[in-house]
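Here is what each chain is made of, one letter per residue.
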Amino acid sequence: MIQNIAKGRLNKFFKESCLLNQVSLVADPKTVAEYIQAADKEATVVNFVRIKLGE
């Protein structure tokens, strides 16, 4: 039971922290990886920029 709780927490962390696993702002039900694959099958992420508003 403790293993399932730990797996669930790790999955939640990776879903929120990893760029490709995050929900896309453009296509809401899709992840970023799914959105990129739909646009171009051979596309890969090689760089990204993080922008923080309000500072």
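This write-up is about the structure you can find in this document. (Residues numbered from 1 in each chain as written. Predicted model: local features only at pLDDT ≥ 70, side-chain atom pairs only at ≥ 80, totals over all residues. Heavy atoms only, no water.)

**Section: the overall build of the chain**
Along its length, the chain carries 2 helices and 0 strands. Its C-alpha atoms give the chain principal-axis dimensions of about 40 × 35 × 20 Å. Of all 55 residues assigned to the chain, the portion counted as buried reaches 5%. Summed over all atoms, the accessible surface of the chain reaches about 5400 Å², with 58% contributed by carbon and sulfur. One way to put it: in the chain the 8 positive side-chain charges average out to a point 10 Å from where the 6 negative ones average out. (Helix = DSSP H or I, 4+ residues; strand = E, 2+ residues; numbered from the N terminus. Buried < 20%, exposed > 50% of the residue type's maximum accessible area, 1.4 Å probe, protein only. Areas by Shrake-Rupley, 256 points an atom, 1.4 Å probe, with all protein chains shown as cover. Lys, Arg positive; Asp, Glu negative; His and termini not counted. Charge placed at Lys NZ, Arg CZ, Asp CG, Glu CD.)

**Details of the packing of aromatic side chains**
Taken as a whole and assessed by the stated rule, the structure comprises 1 aromatic pair. Summarising the aromatic geometry, the rings of Phe13 and Phe14 are spaced 5.4 Å apart at their centres and angled 65° between planes, so their arrangement reads as edge-to-face. (Phe/Tyr/Trp six-rings, centres within 6.5 Å; stacked < 30°, edge-to-face > 60°.)

**Considerations on a nonpolar patch on the surface**
Side chains of Leu10, Phe13 and Phe14 sit close together on the surface and give an oily, nonpolar patch of about 300 Å² of accessible area. Its place among the elements puts Phe14 in helix α1 (residues 2-17). (Patch = residues over 30% accessible without salt bridge, like charges linked within 9 Å, V, L, I, M, F, W, Y side chains within 5 Å. Salt bridge = Lys/Arg side-chain N within 4 Å of Asp/Glu carboxyl O.)

By themselves, these figures tell us nothing about what the structure is for.
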